[in-house]
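Here's the letter readout for the chains.
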Amino acid sequence: MSRTESTPTLLDPQLSDEKWLGKLDWRKGAPASLVGASRKGNIDGFAAALKEQNSLSAKRQLKLTELLQGLHLNDSHNGILVRTFLGLTSSTADDLESELTQALEQHGLNPAPPLEVIAGLTFLLVAPNRLSQATHVSLWRWCVVQCCHWIEEHPTEGEPETLSDLLSVAELPLLAGQMFPHLKQSKKWISKGRKGWNQWCTETTDSDGTLDAQWLDRMLPVLQSLGRSETYLQDASESLLSAKLTGSMEGLVKRCLCLATPGRLATLSSASSGTLTEFKSALAALGYKKTHPIRRLLALYADPQSRGQRLGVRTWDLPEQFHQSDWAEWACLRTSWDADLDQVLVNYGDAQTVLDIVLNGLSVFSGSWTSQLQLDGVPWEPSEWSCSCVFHDDDADYVELQQVDDDKGVTITRQILLNRANRGLFLADIIKTNQPGELSYRWELPFSSDVIPNAGSQNGHPHAAEPRFEFDALTREAAAQFEDLRVRLFPLGWPQDRFAPAPGKMQLDRQELAMEVRVTGDGLCLPLFLDWHPPRRDTPCDWSLLTVAEDGQVIDRSQALGSRLRLGREQWLYFYNIRPGALPRTVLGHHTLYETVIARVKRGGEIVPLVQVDQEQVE
């Protein structure tokens, strides 16, 4: 019987188990006990033959169970078979029988989620001796039917777009091919699974291993699936990890390591990502030894007391902290791998930028950095972001994004600079239009659930204490206090003194930080500086808007904006040419043709640029 004839027959729900067994098509060399019991429709004999084929000792079954349980997210959205498998070691025989019967009745022979099918196959692998003969055969049939559906009748075409798609083209064929080696349908299933994994890695990672931003929220489930796949094959004395796949996987892990910070995994989305312990388990299954620097780093981050500690791993054994990929559409700006790190993750693959900001080891902001622009009272529809400039050295990490609407003559530039040497974060939005008019602009950045109580904390963290927000009575300085972390906020585009008029305002509430501005003209620049460095926690500060001149003529602030900030003995300059001139412009004694200058100001007045940017180059 050919595959095209036999597979639809196996999917027929009207057949009894006895008749269904008689329809099975076996490969040459299949065990005679299996084939004989199958052709006779002998359920008891078939179940006994199945158990004979499982050569795993009870000790090995238990070890495999524990390994595979550690490679599943303990997620409330798991199906009944996954939840039953996660509780396998503590369930009684009666409970297990009842739960499996309930699961098979609930799913029937309709297509089930691939992860549920994988869990069913795992029971056949690690718990055949705990199943009654009738349940064993029913589960075996159900798994065969589900595998034929996903692998033969309705295979995923093209690049997998969801986790279920990936499971159905990669992990499921590998495990199914191992569990049903004597069925004719399974002849190429293992090779299909290998091909599925290789294709997924090729299509969803950049040349350096950077994972497509659309997959970041599923990074850990993907690594767990890859770890389960390797575990299945290792148990058969094989390996999934070819040299090519190993290289892709190692690059992916290095780039995604930045998602781990003390006590949490970021996702750059609202989805749950699992825990650091689950991350470590996935890496262990992929051959990362306990002494590997990445696993040691994760162990440090998993320690509840780790925030504020120094690194216990040699820096040169760990990946580069900064990375950015135009193809993957996300970037990581990071000061170090120490537990008191500062980091900004930026996902710009959509109309709204998504940020995850960690300051001194604590996640402070996480979510969509939304913006709304109105031109003469008419809302402007945002386009997709693209990365226009990146820069990295020992002093600073810098990413610049742009939205360009040629039809309406609108360009929005978004700047993010993380000061690695002296700590501090510059955020700036610049709007340019072709025609002058009324510009109304507002952006909002949500606080992380890790610092907002009762908002639901990821990874099982205890709820944070209520944050405190402070607004200086005489100046526009504001501050947010999160437990032992104080973040000071300086809107550098407006005068420091509250009595001086300003075209906008900054807002802080329990959910978000927001800035809004309304001006008349064809451009505006809205910079904000965030400071949290403990030595500068209470240092005196002042800032002022600077005079910008070109060829001896003062330039209006709608054309160029300069601002100087002083915190104690440290000073910084922020300068942006909204409308560049023909000649170099002067700000604070510094002559420049660059569009952007962000710099330290030394005590003697010397300007030491952190980053200088024009429209075509980075220096």
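Residues numbered from 1 in each chain as written. Predicted model: local features only at pLDDT ≥ 70, side-chain atom pairs only at ≥ 80, totals over all residues. Heavy atoms only, no water.

Participant: A description of the packing of aromatic side chains should follow, citing residues and the corresponding values.
Facilitator: Taken as a whole and judged by the stated rule, the model has 17 aromatic pairs. Relative to tryptophan 140, the ring of phenylalanine 46 has its centre 5.0 Å away and its plane inclined at 75°; by these criteria the two rings are edge-to-face. Residue phenylalanine 46 is found in helix α4 (residues 43-53), and its partner tryptophan 140 is found in helix α9 (residues 133-153); the two are separated by 94 residues along the sequence. Tryptophan 140 carries the same exposure label as phenylalanine 46, and that label is buried. Grouping aromatic residues by their ring pairs yields a cluster made of Phe426, Phe490, Phe529, Trp543, Trp572 and Tyr574. Above the ring of tryptophan 215, the side-chain terminus of arginine 218 is found at 4.1 Å from the ring centroid. A cation over an aromatic ring shows up here: arginine 414 above the ring of tryptophan 369, its NZ or CZ 3.6 Å from the ring centre. (Phe/Tyr/Trp six-rings, centres within 6.5 Å; stacked < 30°, edge-to-face > 60°. Helix = DSSP H or I, 4+ residues; strand = E, 2+ residues; numbered from the N terminus. Buried < 20%, exposed > 50% of the residue type's maximum accessible area, 1.4 Å probe, protein only. Lys NZ or Arg CZ within 6 Å of the ring centre and 35° of its normal.)

Participant: Explain the environment of glycine 108 to me, using residue names and the numbers behind them.
Facilitator: If you trace the backbone, glycine 108 turns up in the loop between α7 (93-107) and α8 (114-126). Glycine 108 gets classed as partly exposed once you look at its relative accessible area, which sits at 24%. Remark: the alpha-carbon pair of glycine 108 and serine 186, spanning 78 residues in sequence, is separated by 22 Å. Look past the residues within four positions of glycine 108 in its chain and what remains in contact with it is Trp142 and Gln146. (Contact = heavy atoms within 4.5 Å.)

Participant: Summarise the nonpolar core; cite the residues concerned and give the values.
Facilitator: If you look at the biggest cluster of nonpolar residues, it comprises 112 residues, and the most contacted ones within it are Phe46, Leu121, Trp140, Phe180, Trp197 and Phe279. Of the residues forming this core, the biggest block, 11 residues, is contributed by α9. Listed in part, the 52 residues of the second largest apolar core include Leu355, Val410, Tyr441 and Phe482. (Core = buried A, V, L, I, M, F, W, Y, C linked by side-chain atoms within 4.5 Å.)

Participant: Go over the sheet that holds strand β23 (residues 585-587), please, and point to the residues and values.
Facilitator: With respect to topology, 4 strands assemble into an open sheet ordered β20-β19-β23-β24, the strand pairing being antiparallel. The open sheet has two edge strands with one neighbour each: β20 (553-554) and β24 (590-592). In this sheet, β20 lies alongside strand β19 (residues 548-550) in antiparallel orientation, the contact comprising 2 bridges. Residue pairing across strands places alanine 549 opposite valine 554, the latter belonging to β20. (Pairing = 2+ DSSP bridges.)

Participant: Give a description of the packing of α8 against α9 that names residues and reports values.
Facilitator: Direction vectors running N to C along α8 and α9 enclose 140°, while the axes themselves pass 10 Å from each other. With respect to α9, the element α8 is oriented oblique. Crossing geometry of α8 relative to α9 is assigned as left-handed. Seen from α8, the contacting residues are Pro114, Glu116, Val117, Gly120, Leu121, Phe123 and Leu124; seen from α9, they are His136, Leu139, Trp140, Trp142, Cys143, Gln146, Cys147 and Trp150. A breakdown of the residues in the contact of α8 with α9 according to their chemical character gives 11 nonpolar, 3 polar and 1 charged. (Axes fitted to C-alpha atoms, helices over the stretch in contact; angles between N-to-C directions. Parallel < 35°, antiparallel > 145°, perpendicular 65-115°, else oblique. Left-handed = near helix turned anticlockwise from the far one by under 90°. Nonpolar A, V, L, I, M, F, W, Y, C, P; charged D, E, K, R; others polar.)

Participant: Give me the lowdown on the pairing of strand β4 (residues 330-334), citing residues and values where you can.
Facilitator: Counted residue by residue, β4 has 5 buried out of 5 residues, so it is predominantly covered. Two successive antiparallel strands, strand β3 (residues 323-325) and β4, enclose a turn made up of 4 residues, where glutamate 329 displays a positive phi of approximately 65°. Bridge analysis of β4 against strand β5 (residues 343-347) gives 5 bridges, and the strand direction is antiparallel. Across the sheet, the residue bridging to arginine 334 is glutamine 343, located in β5.

Participant: Account for the pattern of salt bridges, with residues named and values stated.
Facilitator: All told, the structure shown has 27 salt bridges when counted by the stated rule. Between arginine 420 and aspartate 397 there is a salt bridge; the shortest N-O distance is 3.7 Å. One end of the pair, arginine 420, is in the loop between β11 (410-419) and β12 (425-446); the other, aspartate 397, is in strand β10 (residues 396-405), and 23 residues separate them in sequence. Both residues of the pair, arginine 420 and aspartate 397, belong to the buried class. Two residues, lysine 432 and glutamate 595, come together in a salt bridge whose shortest N-O distance is 3.2 Å. (Salt bridge = Lys/Arg side-chain N within 4 Å of Asp/Glu carboxyl O.)

Participant: Now, about the sheet that holds strand β25 (residues 596-601): what can you tell me, with residues and values included?
Facilitator: Spatial ordering of the open sheet is given by β18-β21-β22-β25-β26, a layout of 5 strands whose pairing is antiparallel. The open sheet has two edge strands, β18 (541-545) and β26 (607-613), and neither has a second partner. Each strand of the sheet is rotated relative to its neighbour by a mean of 15°, with strand direction disregarded. The sheet contact formed by β18 and strand β21 (residues 560-567) spans 5 bridges and is antiparallel. The residue of β21 that forms the bridge with cysteine 541 is leucine 567.

Participant: Account for the confidence of the model for the protein chain, naming residues and giving values.
Facilitator: When pLDDT is averaged across the protein chain, the result is 90; 94% of the residues are at 70 or more. Contacts of residues 455-462 to residues separated by more than four positions or lying in other chains number 21 contacts, the stretch itself having pLDDT below 50. (pLDDT = per-residue confidence, 0-100.)

Participant: Hey, could you go over unusual backbone geometry for me, with residue numbers and the actual values?
Facilitator: Residue glutamate 329 is not a glycine yet carries a positive backbone phi of 65°. Mapping glutamate 329 onto the fold places it in the loop between β3 and β4. A residue is classified by how much of its surface remains accessible, and glutamate 329, at 24% relative accessible area, is partly exposed. For glutamate 483, which is not a glycine, the phi torsion comes out positive at approximately 50°. Here glutamate 483 lies in the loop between β14 (478-482) and β15 (485-490). Exposure remark for glutamate 483: the relative accessible area of 48% places this residue in the partly exposed category.

Participant: Break down the environment of proline 221 for me, with residues and values.
Facilitator: Note that proline 221 resides in helix α12 (residues 219-235). For proline 221 and serine 273, which are 52 residues apart along the polypeptide, the C-alpha to C-alpha distance reads 8.0 Å. Setting aside chain neighbours within four positions, we find proline 221 in contact with Leu73 and Leu163.

Participant: So what about the side chain of glutamate 444? Which residues, and what values?
Facilitator: For glutamate 444, the location among the structural elements is in strand β12. Here arginine 442 takes part through its side chain, which lies 2.7 Å from a polar atom of the side chain of glutamate 444. Every residue in contact with glutamate 444, bar those within four places of it in the chain, is listed here: Ser368, Trp369, Thr370, Gln372, Glu512, Leu513 and Ala514. (Polar contact = N/O pair within 3.5 Å; in protein donor to acceptor, adjacent residues only side chain to side chain.)

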